[in-house]
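Spelled out from the first residue to the last, the chains are:
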Amino acid sequence: MADSTGSSTNILTLVNSTIELPTMPEVLVKLNEIMADPDAAAGDVAKVVAADPSVSTNILRIVNSAYYGLQVRVSSVSLAISVMGFNMTKKVALKAAVFSAFGKRRDKIQHFDPAAFWRHAVFAGVASRVLASASSEFGEMHPEDAYIAGLLHDIGKIILMEKSAPRYLAMLRKAVQQGRPEVEIEREDFGFTHADVGSVLAIKWSLPEDLAIAIRYHHAPAKDPFHRSLSSLIHLADQLAWRAQMPSTVGTPVAPLDHDCYDQIGLSPEQVEELLPQIHDDFAASELPW
């Protein structure tokens, strides 16, 4: 465990000294402040949420979903927060904040297409949610947690593109020309990978530890010393997105599949195949960031 801690510290230092990571969105900062107050009430949180239409819309959609099974439709943000709880409210706010911060439409540049990237991310999020809901391994996980894990697994690519575009695009060209997965070229050219960048961002934004670790190891779940089932879930969801012709980058080869991921998530390859129609249907019904 000491080695892992030392490695994490090195990655933090390396990424922080190389790339200027975005600060936490204002809505999350305010929610953190309120939720740290033991006397905070749902009405206090609702005031922050109501100021962000994207967050409040997502909260109402989720609280009225089949997961909560409410008999009466909830139209009050304050009541929705009372039903969902502060922690889930923060996670929904995170999803909306990520789309707001990184989801702006940009033109395709060589091997990076922002619209394609977000299709990949949303598909992986949907796949993570469907797979987790079908497995007893994730019986205590809220489906929205699984969705967010899948949604954010490649967020490091967006940051590399925004903060180090010339080097990142050169790396993508190299991956295409050599026919090698970009995660290998990233390690050679940067000294770290997009998975490391995404993990450091998660730490900087005070996201749950298991999410930060799973993001870091989503290309190598067997190396995850703490949350192998979650990193395996993201790993497989990522693979399914590529297989569905929804890659996160254009023209680059997919990274190899760790076949042990099926055992780690408690589903056989056959069971996953049976879930594919539901994944595609849920993705078709999902809301993309634009």
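Criteria and thresholds
Residues numbered from 1 in each chain as written. Predicted model: local features only at pLDDT ≥ 70, side-chain atom pairs only at ≥ 80, totals over all residues. Heavy atoms only, no water. 1 Å grid on protein atoms, 1.4 Å probe; cavity = no way out; pocket = protein on both sides within 12 Å on 5 of 7 lines; lining within 4 Å. Points joined across faces, edges and corners; volume = space filled by probe spheres on them. Helix = DSSP H or I, 4+ residues; strand = E, 2+ residues; numbered from the N terminus. Nonpolar A, V, L, I, M, F, W, Y, C, P; charged D, E, K, R; others polar. Buried < 20%, exposed > 50% of the residue type's maximum accessible area, 1.4 Å probe, protein only. Polar contact = N/O pair within 3.5 Å; in protein donor to acceptor, adjacent residues only side chain to side chain. Lys, Arg positive; Asp, Glu negative; His and termini not counted. Salt bridge = Lys/Arg side-chain N within 4 Å of Asp/Glu carboxyl O. Contact = heavy atoms within 4.5 Å. Arc of directions from axis to C-beta.

(A) Main features of empty space enclosed by the protein. In total, this model carries 2 cavities of 30 Å³ or more according to the counting rule given. Approximately 80 Å³ is the volume found for the largest cavity. For the lining of the largest cavity, the secondary structure elements donating two or more residues are helix 11 (182-190) and helix 14 (228-243). With 3 residues, the single largest contributor to the lining of the largest cavity is helix 14. Split by residue class, the lining of the largest cavity holds 6 nonpolar, 2 polar and 4 charged. Considering only enclosed or pocket space, the second largest cavity measures out at about 50 Å³ in volume. Lining the second largest cavity we find Val98, Leu152, Ile155, Gly198, Leu201, Ala202, Trp205 and Leu207. Among the elements that line the lining of the second largest cavity, the one with the most residues is helix 12 (residues 194-204), at 3 residues.

(B) Examining helix 12 more closely. Extensive coverage of helix 12 is indicated by the burial of 9 of its 11 residues. Within the span of helix 12, buried status applies to His194, Ala195, Asp196, Val197, Gly198, Ser199, Val200, Leu201 and Ala202. Two or three places before Ala195, at the opening of helix 12, Thr193 has a side-chain oxygen 3.2 Å from that residue's backbone nitrogen. Remark: Ser206 follows helix 12 within two positions and exhibits a positive phi of approximately 60 degrees.

(C) Just the side chain of Asp238, in detail. Along the chain, the position of Asp238 falls in helix 14. Here Asp238 is buried and forms no salt bridge, its nearest opposite-charge partner Lys157 lying at an N-O distance of 6.2 Å. Ignoring sequence-local partners within four residues, the contact set of Asp238 consists of His120, Ala124, His153, Asp154, His218 and His219.

(D) A look at helix 5 (residues 77-84). Within helix 5, the full set of buried residues consists of Val77, Ala80, Ile81 and Met84. Buried residues of helix 5 fall within an arc of 100 degrees about the axis and therefore sit on the same side. Where helix 5 is buried, its residues touch helix 3 (42-50), helix 4 (53-63) and helix 6 (86-102). By the N-cap criterion, in which a side-chain oxygen at the helix start approaches the backbone nitrogen of a residue two or three places on, helix 5 is capped by Ser76, the distance to Ser78 being 3.4 Å. Once helix 5 ends, the next one or two residues include Gly85, with phi positive near 90 degrees.

Keep in mind that these numbers describe shape and distance, not what the molecule does.
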